[in-house]
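# Examining the three-dimensional arrangement
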Amino acid sequence: MTLLDGKKTSNDIKDEIALEVQAMKERGEKVPHLAAVLVGEDGASLTYVGSKVRACERVGFESTLVKMPASTSEEELLAKVKELNENDAIDGYIVQLPLPKHIDEQKVLLAVDSEKDVDGFHPENFGKMALDMPAFIPATPYGIMELLDRYDVDTQGKNTVVIGRSHIVGRPMSILMSRKGNPGNSTVTLTHSRTQNIEEFTKEADIIISALGVPEFLKADMVKEGVTVIDVGITRVPDESHPKGYVIKGDVDFENVSAKASFITPVPGGVGPMTIAMLLKNTLLARKVRQ
Ligand code: NAP
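We now turn to the structure provided with this report. The model shown is predicted, which means the values in this text are computed figures rather than measured ones.

This brings us to the overall build of the protein chain. Along the protein chain, the regular secondary structure elements total 10 helices and 11 strands. Here the protein chain, with 291 residues, has 47% of them falling under the buried criterion. If you average the places of the 34 positive and of the 43 negative side-chain charges in the protein chain, the two averages end up 1 Å apart.

Here you go:
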């Protein structure tokens, strides 16, 4: 079994980006600038945004954190989005999800300039991705493709099962794995909560990408020998014995599934760190395009 080490791979990617930024500085060019908009005080969102800002510092990007109170109105947030679209110093930005319930998420994502949409959530980028055109690819699926590529996992003609059809992970993942190319060229089955007898699909899978958010959902008796397993799930499970009061669990029963797998991602240290590295990669691309 080979561990798909997202922590190490993401550090390699950050080192590669840092070298490029260094070269940009030496040529007297502007370095990439990422902004993150955070509305409210959601604990997990604060952690994610904090990691993104620290990652920017690590590679030499400029970063701006825009913190807005939970009481921010939709109009106020849309005004901030407009301001970021028009601010020439900002190459790319993200609006951290979820947003407070009184704000229409779709309306906000549609207002983001697609050329600064480094999360790849704008329909223009999603459509271009589906049509094999150059586009910002959502960071989590992009990170998974990069892991498969760097570990030379063979996806050609393989039977890939994606669990979960969210717009940010499962759906784009199913498109990317079925695209012509490497990684890609897989025969993809996209499963979700209405799928009947899901184990009939997972048992036949050469590659399983699990993104449903149910701790240890995928058990050893649901997979075949030699399977490749990508665990996207991150769920905080209450645990009083832990100083934080919770532990992070993936979607996969790692201990037992890893005994049958040929490749598998751990949680934590698998897909999570890759997501941030690919956000940086998208921001670097945004700078290059703008230049
Ligand atoms: P989401 O929007 O909640 O979607 C979950 C998907 O799983 C839905 O399509 C749902 O089906 C499906 N599902 C739920 N229960 C199921 C079941 N019992 N059997 C089969 N399918 C089931 O989730 P998400 O935003 O994609 O996130 C999924 C997980 O990945 C979460 O744990 C999240 O924290 C994690 N995540 C991690 C990263 C990272 O960087 N590592 C990034 C994003 C998300 P329906 O469509 O029918 O409801």
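What follows picks up the thread again.
Surrounding the ligand, one finds 21 residues, the nearest of these being Arg165, Ser166, Ser193, Ile234 and Thr275. Within the side chain of Arg165, an N or O atom sits 2.7 Å from an oxygen atom of the ligand. Here Ile234 contributes a backbone N or O atom positioned 3.0 Å from an oxygen atom of the ligand. When the ligand sits alone it has 930 Å² of accessible area, and the protein chains cover 68% of it. No other element matches the 3 residues that helix H10 (residues 271–290) contributes to the shell around the ligand.

Okay, the pairing of strand S5 (residues 159–163) next. Among the 5 residues in S5, 4 count as buried, and that is most of the element. Across 5 bridges, the pairing between S5 and strand S6 (residues 187–191) is parallel. Note that in S6 the partner of Asn159 across the bridge is Thr187. Each parallel crossover has a hand, and the one from S5 via helix H7 (residues 170–178) to S6 is right-handed. Inspection of the sheet shows S5 paired to strand S7 (residues 207–210) by 4 bridges, in the parallel sense. Each bridged residue has a counterpart across the sheet, and for Thr160 the counterpart in S7 is Ile207.

So, how was this worked out
Residues numbered from 1 in each chain as written. Predicted model: local features only at pLDDT ≥ 70, side-chain atom pairs only at ≥ 80, totals over all residues. Heavy atoms only, no water. Helix = DSSP H or I, 4+ residues; strand = E, 2+ residues; numbered from the N terminus. Buried < 20%, exposed > 50% of the residue type's maximum accessible area, 1.4 Å probe, protein only. Lys, Arg positive; Asp, Glu negative; His and termini not counted. Charge placed at Lys NZ, Arg CZ, Asp CG, Glu CD. Near = heavy atom within 4 Å. Polar contact = N/O pair within 3.5 Å; in protein donor to acceptor, adjacent residues only side chain to side chain. Areas by Shrake-Rupley, 256 points an atom, 1.4 Å probe, with all protein chains shown as cover. Pairing = 2+ DSSP bridges. Right-handed = clockwise from strand over helix to strand, strands pointing away.

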